[in-house]
Amino acid sequence: MWKGSHSQIKTHQPIPLERFNGPIFFTHGEKDSLWCVSKAKSMKRQLEAAGKKPEVHIFPNEDHGFSSAADTQRWRLLIDFLDRNMK
């Protein structure tokens, strides 16, 4: 879960994610009350437009903090992602 500060990120200023050359994984709750899910979808499109293949998982009924069941699923997805990409 993002726990950093967003004070340095200006509103509506794109984050240059396409500059990162490693594998990218992120999850997002569709009902996130802190970061709108449209940001996650926009970042995915931005990365794909740059030729990247991010692994993005949107959890339909989750907020910024996931339920126990969704968090377990998220951890399984992350472990699988790391297993495939960190060898």
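Preceding block: the structure.
Criteria and cut-off values
- Residues numbered from 1 in each chain as written.
- Predicted model: local features only at pLDDT ≥ 70, side-chain atom pairs only at ≥ 80, totals over all residues.
- Heavy atoms only, no water.
- Helix = DSSP H or I, 4+ residues; strand = E, 2+ residues; numbered from the N terminus.
- Buried < 20%, exposed > 50% of the residue type's maximum accessible area, 1.4 Å probe, protein only.
- Contact = heavy atoms within 4.5 Å.
- Areas by Shrake-Rupley, 256 points an atom, 1.4 Å probe, with all protein chains shown as cover.
- Polar contact = N/O pair within 3.5 Å; in protein donor to acceptor, adjacent residues only side chain to side chain.
- Salt bridge = Lys/Arg side-chain N within 4 Å of Asp/Glu carboxyl O.

Student: I keep staring at the overall build of the protein and nothing clicks. Help me out?
Tutor: A tally of regular secondary structure across the protein gives two helices and two strands. Classification of the 87 residues of the protein by burial places 24% in the buried group. Counting contacts in the protein only where the partners sit at least 6 residues apart, residues at least 24 apart contribute 67% of the total. Accessible area for the protein stands at about 6500 Å²; split by element, carbon and sulfur atoms hold 55% of it.

Student: Where do I start with the environment of Asp80 in this structure?
Tutor: Its place among the elements puts Asp80 in helix H2 (residues 68-85). Judged by its relative accessible area of 39%, Asp80 falls in the partly exposed class. Within the structure, the side chain of Asp80 is placed 2.9 Å from the side chain of Arg84, a separation counted as a polar contact.

Student: Quick question: what am I supposed to make of the pattern of salt bridges here?
Tutor: Any two side chains of opposite charge can pair, so long as their charged atoms come close to each other. The tally for this structure, following the rule as stated, stands at four salt bridges. The salt bridge involving Glu55 is made with Arg84; its shortest N-O contact spans 2.7 Å. With Glu55 in strand S2 (residues 55-59) and Arg84 in helix H2, this pair connects stretches of sequence that are 29 residues apart. Assessed through its relative accessible area of 18%, Glu55 is described here as buried. Overall, the relative accessible area of 44% leaves Arg84 in the partly exposed class. Residue Asp80 is joined to Arg84 by a salt bridge in which the shortest nitrogen-to-oxygen separation is 2.9 Å. Of this pair, Asp80 and Arg84 both sit in helix H2, four residues apart, which is roughly one turn of that helix. When salt bridges that share partners are traced, they join Glu55, Asp80 and Arg84 into one network.

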